[in-house]
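# Per-entry structural report
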Amino acid sequence: MTDTDTWSPTTYVRSGDVELAYDCFGERGGVPLLLMMGLAISRFWWPDGFCRALADEGFDVVRYDQRDTGASTRFSETVRHGHWRMLRTGSGYTAEDLADDAVAVLDAVGWDRAVVFGHSLGGVVAQRVALRHPDRVLALVSCDAPPSDAVGYRALRYLRFGLVARNVTKRHPAGHAGDVAASLAIAKGMASPANPCDEVAALERIERGLEAGPRDMAGIGRQLHARWRGARLREIQAPTLVLQGADDPLIRMSAARTVAREIRGAKLVVLDGIGHDLPPVAWPTIAQQTRQLVDTSVRSHRDQPVRDPGP
């Protein structure tokens, strides 16, 4: 680690009536890259080492908590009830709102355009940012994410239910110890047998974001039910990289294949031995592939013939 391996103090930006928490990694001056984490998971779940790998490839990294997550605005007190009941919970906002939140962070940081990199539900949001705000997206990285066109029960075809079932049957006590145990169970469940969860590193990330409340089922329900009325996935024009863990226990491979098929020119990279997480063994490949995506896009744009506007 170096003295640049640090996050800036937490900063807040308004997006309508919502406050979003974000921070920036290391030095500035590289290619802008915005990280979006998954369902009800705070920005602290992005490993510092992964962000360092991105920085080493020339990226400026910013991460933020989506609404109803982490230190950003929460729409209700934590409600602990059944996992299945959250699927029937209404939402007080739309998927368009979630996409607009990302742009509010870009504005706050002073970025006209950025690579938007989303993991899991964050990948779905990143896809929608590329659709709703194409002029703000330099490139798109969708990691372990279903296609944004698949909403409601149509999304179920892309899910594996073993991990969900295991979490449903587990009961953890209320309070700090129970919250830590619940979060660690999720972290361990998302890993693959080939690259199991580093519990020490996971616990460090969990503790950093624990005060935000990891078991807000009402908030999870609102995120899941944020309705999208925007454009179809096939209309994405941004250069796109689709990443998928070969041993993902939550998202089926068909999800990544669908995303890659629907977006013209998208590149699919399957990460062998990787689950629904970001273990250290995957960091160099992901960082290098993301850099290659941007470099290829820049070369392609530069090599396009200049049209003569005529007299």
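Reading guide: rules and limits
Residues numbered from 1 in each chain as written. Predicted model: local features only at pLDDT ≥ 70, side-chain atom pairs only at ≥ 80, totals over all residues. Heavy atoms only, no water. Core = buried A, V, L, I, M, F, W, Y, C linked by side-chain atoms within 4.5 Å. Buried < 20%, exposed > 50% of the residue type's maximum accessible area, 1.4 Å probe, protein only. Helix = DSSP H or I, 4+ residues; strand = E, 2+ residues; numbered from the N terminus. Contact = heavy atoms within 4.5 Å. Expected span 1.5 Å × (residues − 1). Polar contact = N/O pair within 3.5 Å; in protein donor to acceptor, adjacent residues only side chain to side chain. Pairing = 2+ DSSP bridges. Axes fitted to C-alpha atoms, helices over the stretch in contact; angles between N-to-C directions. Salt bridge = Lys/Arg side-chain N within 4 Å of Asp/Glu carboxyl O. Right-handed = clockwise from strand over helix to strand, strands pointing away.

On to the nonpolar core, then. Judged by nonpolar contacts, the single largest core of 39 residues is most densely connected at Tyr 22, Leu 34, Met 36, Val 62, Val 105, Val 129 and Ile 236. Secondary-structure elements contributing two or more residues to this core are strand S2 (18-25), strand S3 (31-36), strand S4 (59-64), helix H2 (95-109), strand S5 (114-119), helix H3 (121-132), strand S6 (137-143) and helix H8 (253-262). For this core, the element with the highest residue contribution is H2, accounting for 8 residues. Beyond its immediate chain neighbours, meaning those up to four positions away, Ile 236 contacts Gln 127, Ala 130, Leu 131, Leu 140 and Ile 263. The next biggest cluster of nonpolar side chains, apart from the first, holds 38 residues, and it includes Val 31, Ala 187, Trp 283 and Ile 286.

Before going further, it helps to spend a moment on H2. For H2, which comprises 15 residues, the first-to-last C-alpha distance of 22 Å matches the rise-based estimate of 21 Å (1.5 Å per residue) to within 8%. Most of H2 is tucked away, with 11 of its 15 residues classed as buried. One side-chain oxygen at the N-terminal end of H2 lies 3.3 Å from the backbone nitrogen of Glu 96; it belongs to Thr 94. Backbone geometry just downstream of H2 places Gly 110 in the positive-phi region, at approximately 90 degrees.

Moving on: the environment of Ala 185. In this structure, Ala 185 sits in helix H5 (residues 176-190). Overall, Ala 185 belongs to the buried group, its relative accessible area being 13%. Taking the C-alpha atoms as reference, Ala 185 lies 9.9 Å from Glu 199; in sequence the two are 14 residues apart.

We now examine the sheet that holds S2. Here we have 8 strands laid out as an open sheet, ordered S1-S2-S4-S3-S5-S6-S7-S8, and mixed in their pairing. Each edge of the sheet is formed by a strand with only one pairing partner; in this case those strands are strand S1 (11-15) and strand S8 (267-271). On average, each strand axis in the sheet is tilted by 25 degrees relative to the strand beside it, whichever way the strands run. The sheet strands contacting helix H1 (residues 48-56) are S2, S3, S4 and S5, and the helix crosses S4 at an angle near 145 degrees. Each of S1, S2, S3, S4 and S5 touches H2; the most contacted strand, S1, lies at about 130 degrees to it.

In the structure shown here, the tally under the stated rule is 13 salt bridges. Each of Asp 23, Arg 43, Arg 63 and Asp 65 takes part in a single network of salt bridges with overlapping partners.

With that settled, the discussion passes to the pairing of strand S7 (residues 240-245). The element S7 is largely enclosed, with a buried count of 6 among its 6 residues. Across the two faces of S7 the burial is the same, with Thr 240, Val 242 and Gln 244 and Leu 241, Leu 243 and Gly 245 all buried. Looking at chain direction, S6 and S7 are connected through 4 bridges and run parallel. Looking across to S7, one finds that Cys 143 is bridged to Leu 243. Strand direction decides the pairing type here: S7 and S8, joined by 5 bridges, are parallel. Bridge pairing in S8 places Val 242 opposite Leu 268. Following the backbone out of S7, through H8 and into the adjacent parallel S8, one traces a crossover that is right-handed.

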